[in-house]
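Coordinates in review
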Amino acid sequence: MTVETKVRARPAAVILMPSAQQRIADLMAQAPEGAIGVKLSTPKRGCSGLAYSVDYVREEARFDEKIETPGGVLYIDGASVLYLIGSTMDWVEDDFTAGFVFNNPNAKGSCGCGESFTV
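Heads up: these notes are all about the structure in this document.

What counts and what doesn't
Numbering of residues starts from 1 in every chain and runs along the sequence as written. Whole-chain, interface and lining totals are the exception, using all residues; otherwise, since this is a predicted model, local features are given only for residues with pLDDT of at least 70 and side-chain atom pairs are given and counted only at 80 or more. To obtain the side-chain values, all non-hydrogen atoms of the structure were used and water was disregarded. Secondary structure elements follow DSSP: runs of H or I of four or more residues count as helices, runs of E of two or more count as strands, with numbering from the N terminus. Each residue gets one of three labels from its accessible area relative to the maximum for its type: buried under 20%, exposed over 50%, partly exposed in between, using a 1.4 Å probe on protein chains only. Contact criterion: two residues are considered in contact whenever any of their non-hydrogen atoms come within 4.5 Å of each other. Calculation of accessible area relied on Shrake-Rupley with a 1.4 Å probe; when residues are assessed, cover is drawn exclusively from the protein chains displayed. By the criterion applied in these results, polar contacts are pairs of N or O atoms within 3.5 Å in which, for protein atoms, one can donate a hydrogen and the other can accept it, and in which residues neighboring in sequence qualify only through two side-chain atoms.

Digging into the overall build of the chain
For the chain, the count of helices and strands is 2 helices and 11 strands. Counting from the amino terminus, the chain carries its helices and strands in the arrangement β-α-β-β-β-β-β-β-α-β-β-β-β. Per-residue burial over the chain gives 34% buried out of 119 residues. Residue pairs at least 24 apart in sequence account for 51% of intrachain contacts in the chain once pairs closer than 6 positions are excluded. Carbon and sulfur atoms provide 51% of the accessible area of the chain, an area that totals close to 7,900 Å².

Considering the side chain of Asn104
Topologically, Asn104 is positioned in the loop between strand 9 (98-103) and strand 10 (109-110). Within the structure, the side chain of Asn104 is placed 3.1 Å from the side chain of Tyr52, a separation counted as a polar contact. There is a polar contact of 3.2 Å between the side chain of Asn104 and the side chain of Ser87.

Here is the structure:
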């Protein structure tokens, strides 16, 4: 008897809104030499414990999630994926600020300034 293994595609851990995809394209257009994409991670920082961090990345790490967009690749730090599953990532600009904005269903709370979150 032969056992057949089925592999099914899984959805991306983070859904990128069109403006976030465009911002990644803009970042990659001005990326330092050797950058292969940008990486989203959740380092321990701030009043509530975890913060969002987006930086250029020069090489793929073994357990990072890889999301290909039309303008470049977004990597999600392997240790951060569980905190981010189901999140949306957007880029918002107004007269006073510009930055990535996250709608994270896993966040149970955040600090008053919005810099960090808890899960």
